[in-house]
Amino acid sequence: MSTPRRIVIAGGGTAGWMAAAAMARTLGRAVTVTLVESDAIGTIGVGESTIPPIITFNRLLGINEAEFMAATQATFKLGIQFDGWKGPEDRYFHSFGLTGKDHWAAGFQHFWLDGLRRGHDAPYDDYCLELIAAREGRFAHLPDERMNYAYQLDSTLYGRFLRGMAEGDGVTRIEGRIAEVALNPDSGDIAALVLDDGRRVEGDLFLDCTGFRALLIDRALHVGFDDWSHYLPCDAAVAVQTESVRPPVPYTRAIAHEAGWQWRIPLQHRAGNGIVYCSRYMDHDAARERLLSTVEGQVLTEPNMLRFQTGARRKQWHRNCIAVGLSGGFLEPLESTSIHLIQRAILRLIRLLPGGPISAYDVAEFNDQQMTDMLQIRDFLILHYKVHERRDSAFWRQCADMEVPDSLAHRIALFRETGRVFRRNDELFAENSWVQVMMGQGIKPESHHPITARLSDEELDRLLTTLRQNIATTVRGLPPHADYVAHHCGTAA
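Residues numbered from 1 in each chain as written. Predicted model: local features only at pLDDT ≥ 70, side-chain atom pairs only at ≥ 80, totals over all residues. Heavy atoms only, no water.

Engineer: Can you help me understand the packing of helix α5 (residues 129–136) against helix α14 (residues 457–476) in this one?
Structural biologist: Packed helices, taken two at a time, are described by the angle their axes make and the gap between the axes. Orientation of α5 relative to α14, taken along the N-to-C sense of each, is 40°, at an axis distance of 10 Å. Relative to α14, the element α5 is oriented oblique. Crossing of α5 over α14 shows right-handed handedness. Residues Leu129, Ile132, Ala133 and Glu136 of α5 touch α14, and the partners they reach there are Ile471, Thr474 and Val475. Looking at the contact of α5 with α14 residue by residue, the classes come out as five nonpolar, one polar and one charged. (Axes fitted to C-alpha atoms, helices over the stretch in contact; angles between N-to-C directions. Helix = DSSP H or I, 4+ residues; strand = E, 2+ residues; numbered from the N terminus. Parallel < 35°, antiparallel > 145°, perpendicular 65-115°, else oblique. Left-handed = near helix turned anticlockwise from the far one by under 90°. Contact = heavy atoms within 4.5 Å. Nonpolar A, V, L, I, M, F, W, Y, C, P; charged D, E, K, R; others polar.)

Engineer: Just checking my understanding: could you explain the environment of Met439 for this structure?
Structural biologist: Inspection of the secondary structure puts Met439 in helix α13 (residues 431–440). As a C-alpha pair, Met439 and Val249 span 190 residues in sequence and 24 Å in three-dimensional space.

Engineer: What's the story with helix α15 (residues 481–489) in this structure? I'm lost.
Structural biologist: Structural remark: α-helix, 3.6 residues per turn; residues separated by three or four positions point the same way. Those residues of α15 lying buried are His481, Tyr484, Val485 and Cys489. Projected onto a plane normal to the axis of α15, the buried residues spread over an arc of 100° and lie on a single side. Away from its buried face, by an angle of more than 90 degrees, α15 presents the exposed residues Asp483, Ala486 and His487. Of the surrounding secondary structure, the elements contacted by the buried residues of α15 are α3 (65–72) and β3 (75–77). (Buried < 20%, exposed > 50% of the residue type's maximum accessible area, 1.4 Å probe, protein only. Arc of directions from axis to C-beta.)

Engineer: Even after reading the chapter, I still don't get the sheet that holds strand β10 (residues 200–202), so can you show me in this structure?
Structural biologist: Sheet strands line up and pair through hydrogen bonds in the backbone, either parallel or antiparallel. Strand order across the open sheet formed by three strands is β8-β9-β10, with antiparallel pairing between neighbours. Taken across any chain shown, the strands that pair with only one partner, and hence form the sheet edges, are β8 (178–183) and β10. Ignoring which end each strand starts from, the neighbouring axes of this sheet average 25° apart. Pairing analysis gives three bridges linking strand β9 (residues 190–195) to β10, with the strands arranged antiparallel. (Pairing = 2+ DSSP bridges.)

Engineer: Quick question: what am I supposed to make of the pattern of salt bridges here?
Structural biologist: Where charged atoms of side chains with opposite charge meet at close range, the side chains can pair. In this structure the tally under the stated criterion is 31 salt bridges. The residue Arg290 makes a salt bridge to Glu258 at a minimum N-O spacing of 3.1 Å. Residue Arg290 is located in helix α8 (residues 284–294), and its partner Glu258 is located in the loop between β14 (252–257) and β15 (260–266); the two are separated by 32 residues in the primary sequence. For Glu258, a relative accessible area of 34% translates into the label partly exposed. With its nearest N and O atoms 3.8 Å apart, the salt bridge here joins Arg344 to Asp426. (Salt bridge = Lys/Arg side-chain N within 4 Å of Asp/Glu carboxyl O.)

Engineer: Would you mind going over the packing of aromatic side chains with me for this structure?
Structural biologist: In this description, an aromatic ring pair is defined by two values, namely the gap between the centres and the angle between the planes. In total, this model carries 29 aromatic pairs according to the counting rule given. Between Trp85 and Trp396, the ring centres sit 5.5 Å apart and the planes meet at 85°, which makes this aromatic pair edge-to-face. On the criterion of sequence distance, the pair formed by Trp85 in the loop between β4 (79–83) and β5 (91–95) and Trp396 in helix α11 (residues 394–401) is long-range, its members being 311 residues apart. Residue Trp85 is classed as buried on the basis of its relative accessible area, which comes to 0%. Pairing Tyr385 with Trp396 gives two aromatic rings, centres 6.0 Å apart and planes at 20°, and the pair type is stacked. One end of the pair, Tyr385, is in helix α10 (residues 360–386); the other, Trp396, is in helix α11, with eleven residues separating them in the sequence. Given a relative accessible area of 0%, Trp396 falls into the buried group. If you follow Arg378 out to its NZ or CZ, it ends over the ring of Trp228, 5.0 Å from the centre. Above the ring of Trp434, the side-chain terminus of Arg411 is found at 4.2 Å from the ring centroid. (Phe/Tyr/Trp six-rings, centres within 6.5 Å; stacked < 30°, edge-to-face > 60°. Lys NZ or Arg CZ within 6 Å of the ring centre and 35° of its normal.)

Engineer: I tried to follow the side chain of Asp208 on my own but got confused; where do I start?
Structural biologist: Note that Asp208 resides in strand β11 (residues 205–208). Of the side chains with opposite charge, Arg313 lies nearest to the buried Asp208, which makes no salt bridge, at 7.0 Å. Separated by 2.9 Å, the side chain of Asp208 and the backbone nitrogen of Leu216 make a polar contact. (Lys, Arg positive; Asp, Glu negative; His and termini not counted. Polar contact = N/O pair within 3.5 Å; in protein donor to acceptor, adjacent residues only side chain to side chain.)

Engineer: So what exactly am I meant to see when it comes to α10 here?
Structural biologist: With 27 residues, α10 extends 38 Å from end C-alpha to end C-alpha; this agrees with the ideal 39 Å at 1.5 Å per step. Its side-chain oxygen 3.1 Å from the backbone nitrogen of Tyr361, Ser359 forms the N-cap of α10. (Expected span 1.5 Å × (residues − 1).)

See below:
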């Protein structure tokens, strides 16, 4: 670029300040970044649970982990515990780590399945370091980054932390409400954001970080929306913060109920709680009452009611506007993917940032990659609702009976018949994630790969026993999670 490119970000919050901080830190003087937000417009503040790619994002920005965790009151996260999803009394864990040891021809689940046939009875969980550490409430950084983890954080504080970094790197923040999105009458591109006091904020590229309102990508540019609520029927949530009543555990809980599920996220200074539900089967008052009657600790905030529609904009980049975060679509927070999708959009935009006029090929590539991400995550979320043994409510019966995308139906059938899972390209969820959730939801494969027959009974026994023993030994040497957090990044309450 021979001259600075003017990037204007509409909206702050997590999405806006992640974008501002990343672009200012990585692009430097190649761009000028201006962010427009209004303190009078609050943030949703639901996304408090993350997945491991956030570590890469923070490292790219040169963020010190201990400082970041202290500033956001964060704890470590090793996965998600799913209560009541297979059946009302069942429980399973989706961890971030690997399970066992894969062979190049077949995943570890095949060896474990053959072990069951040969008389071994240890659960699949026992072969995953992160899972056992989570259940034991232990954590530490290990050599060679052998512990895969993410964070449970206060998203409002995360936005505040990134704002300080971004402004230090030269980002200009403008306080004001957006009253109009002015379009170029000739090209149809966005020319400027017009604020309610008449000020115009002009730019070359505009990032829509205005959340569900989607002021730029939808209200101004009308790109259209693909509704996925027939696959993901929950359409409302209530969120509330409570005081901590026990040391924080290194995992998030997703607790199923008759019309959806609840989350529980332990931070250093408080707990994040919420209920997600389908308004066809539960009204707001019943959801609010259920949430408040099941939280632990004193309620610190007024319950925050949210309405949403699952789906995606048909174009995430249109003309000179890029949707980042909720403006581009919404996939409910079941697997903590909201912040990840923000991150993917930002880093993808940086890689495809035009050096001259916007290329239609860049735009098409961006849109294709973004939609692929969202479709793959969508299928993974649908899996939780489709495959289960619950028939105790109309909501779960509807989910069990619904038609699912062919892409997901194929994965389910393949795993059920053969035990096989294949990761496509660089999709977010690895094979072990699919295995853990499919078996946790009740699918037991009917067969396994014949490569396991190469191991004698003694060799298979030694493999399985050694793996379990090594994990158990490692976990016994880890400190309690709460103690490690206090030492690594603890702050006063």
